[in-house]
Each structure stands twice: as structure tokens, then as C-alpha cells.
Amino acid sequence: MQQRREDPGIRLRVADLSTAAPTGFDIVPDADWRAALAGERGILGVRKLRFAGQIAPAGSADWQLTGTLGATVVQACVVTLDPVSTRLDEAVARTYLAQMPELPEAAEVEMPEDDSFDALGEHIDLGAVLAEALALALPLYPRAEGADLAQVAGPGVTPMTDEDARPFAGLKDLRDKLDKKG
């Protein structure tokens, strides 16, 4: 089943979900939607994309979404800017709570380790979950095979090495010289 972001099937109305059995979904976005997602994420393209899973009741008023996001994305190599294809297969889990836990009133609040909880509204937006899961799964620094960071220096200048970049390398040499003298 191919659906577009604006299709009503992407946003499931919570009141219409079965409380007796899980509600399955299988979303395969069309080329236009994949192109829009690529543009929003600043990547070259999304070749394949599928988000499938189910939403099941969890307790008396909460809901649990489990699924798998599969995608083939194309990004620019951070070194050469050549296109790099990456296959993504990510498990996706969200728990929609009818009553969110109260946060303490303080100037600073620690983020909980488990960030898979969302407030339950009238709808569960599968398109938004798909887009968020895709964004989180993208490689931060895609590299083409064999691409290394180039060492660039002006004419007559020796390129800096990793050893030169170590902040205490000069101090070690000074210490060694002082040890020899004294």
C-alpha cells in the first residue's frame, strides 16, 4: 500500500484503534514523498523506504508502537562529496501515554534515558514517526570507500600530521631536553 504524507491513513485516530488486537501498518512512500524527505534532511536522496509495524494497546489507556524502518539513503561523502549509499534497518518503538509523568519544577531538568515516550493525542501520526526515525538513523559522517581526509598545505609547507596536532607533544620534547641537561 503506497501512501502520501497527507493521506488520512498515515494519521491514525486513536478512538478508531482496536483495543482487542494490534493494528498493523505498512507504509511505502512514493517518489515524491521520498524526495521531500530527502530535501528536508539535506541529503541527496532516499531510494527505498518502508515503515511497517503495529500499534497495540498497552494498559487501559496507553498505546505501544513497534515497527521497522528500512531505507536506502544517498548522502554526500564528507571528504569527497561523492554520493554514498547506505542501507538502514532500524527498530522503532514508541509508547504513547494518556497521562505523562509530572516533571519537577526546577531551573534545570535532566533528560530521561528512555526518550521513546510521547503524549497521547487524538491521532498517532505514523508519517511523523517515520520522518523522525529516518532522521535519527542517518549516518552523521558518510564516507565514500577509500576516502581519507586530505592533508593540504601551501607550497613549501609540510602538512601537519596527527602527531603535530597533539597538544602536549611539544611539552614532552621540552621535558626530555630538560631531563638530559639536568
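Residues numbered from 1 in each chain as written. Predicted model: local features only at pLDDT ≥ 70, side-chain atom pairs only at ≥ 80, totals over all residues. Heavy atoms only, no water.

1. Description of the overall build of the chain
Turning to step 1, where the next piece is worked out: Of the regular secondary structure elements, the chain holds four helices and seven strands.
Turning to step 2, where the next piece is worked out: Tracing the chain from N to C terminus, the helices and strands come up as β-β-α-β-β-β-β-β-α-α-α.
Turning to step 3, where the next piece is worked out: Buried positions account for 30% of the 182 residues belonging to the chain.
Turning to step 4, where the next piece is worked out: The contacts in the chain between residues at least 6 apart in sequence include a share of 63% that link residues at least 24 apart.
Turning to step 5, where the next piece is worked out: When the accessible surface of the chain is summed, it comes to about 12500 Å², and 53% of that surface belongs to carbon and sulfur atoms. (Helix = DSSP H or I, 4+ residues; strand = E, 2+ residues; numbered from the N terminus. Buried < 20%, exposed > 50% of the residue type's maximum accessible area, 1.4 Å probe, protein only. Contact = heavy atoms within 4.5 Å. Areas by Shrake-Rupley, 256 points an atom, 1.4 Å probe, with all protein chains shown as cover.)

2. Let's talk about the environment of Ala52
Turning to step 1, where the next piece is worked out: Along the chain, Ala52 turns up in strand β3 (residues 45-58).
Turning to step 2, where the next piece is worked out: By relative accessible area, which is 25% here, Ala52 ends up partly exposed.
Turning to step 3, where the next piece is worked out: A C-alpha to C-alpha distance of 6.8 Å links Ala52 and Leu69, two positions 17 residues apart in sequence.
Turning to step 4, where the next piece is worked out: Setting aside anything within four residues of it in sequence, one finds Ala52 in contact with Phe25, Asp26, Thr66, Gly67 and Thr68.

3. Here we look at the packing of aromatic side chains
Turning to step 1, where the next piece is worked out: For the structure shown, the criterion picks out one aromatic pair.
Turning to step 2, where the next piece is worked out: Judged by centre distance (5.0 Å) and plane angle (55 degrees), the rings of Phe25 and Phe51 are tilted. Taken as a pair, Phe25 in strand β2 (residues 23-27) and Phe51 in strand β3 lie far apart in primary sequence, 26 residues in all.
Turning to step 3, where the next piece is worked out: Classification of Phe25 as buried rests on a relative accessible area of 8%.
Turning to step 4, where the next piece is worked out: On the accessibility criterion, Phe51 (0% relative accessible area) is buried. (Phe/Tyr/Trp six-rings, centres within 6.5 Å; stacked < 30°, edge-to-face > 60°.)

4. Thoughts on the side chain of Gln75
Turning to step 1, where the next piece is worked out: With respect to the element layout, Gln75 can be found in strand β4 (residues 62-76).
Turning to step 2, where the next piece is worked out: A relative accessible area of 7% means that Gln75 is categorised as buried.
Turning to step 3, where the next piece is worked out: A polar atom in the side chain of Gln75 sits 3.1 Å from the backbone oxygen of Pro139.
Turning to step 4, where the next piece is worked out: In contact with Gln75, not counting residues within four places along its chain, are Ile43, Leu44, Asp82, Pro83, Val84, Thr86, Leu138, Pro139 and Pro142. (Polar contact = N/O pair within 3.5 Å; in protein donor to acceptor, adjacent residues only side chain to side chain.)

5. Looking at the environment of Ala21
Turning to step 1, where the next piece is worked out: For Ala21, the position within the fold is in the loop between β1 (11-13) and β2.
Turning to step 2, where the next piece is worked out: We classify Ala21 as partly exposed; its relative accessible area is 35%.
Turning to step 3, where the next piece is worked out: Ala21 sits 33 residues away from Gln54 along the chain, and the two C-alpha atoms are 9.8 Å apart.

6. Observations regarding the pattern of salt bridges
Turning to step 1, where the next piece is worked out: All told, the structure shown has five salt bridges when counted by the stated rule.
Turning to step 2, where the next piece is worked out: For Glu132, the salt bridge identified is with Arg94, shortest N-O distance 2.6 Å. Highlighted residues: Glu132 in helix α2 (residues 126-137) and Arg94 in strand β5 (residues 83-97), separated in sequence by 38 residues.
Turning to step 3, where the next piece is worked out: Under the relative-accessibility criterion, Glu132 is labelled partly exposed at 40%.
Turning to step 4, where the next piece is worked out: A relative accessible area of 10% means that Arg94 is categorised as buried. (Salt bridge = Lys/Arg side-chain N within 4 Å of Asp/Glu carboxyl O.)

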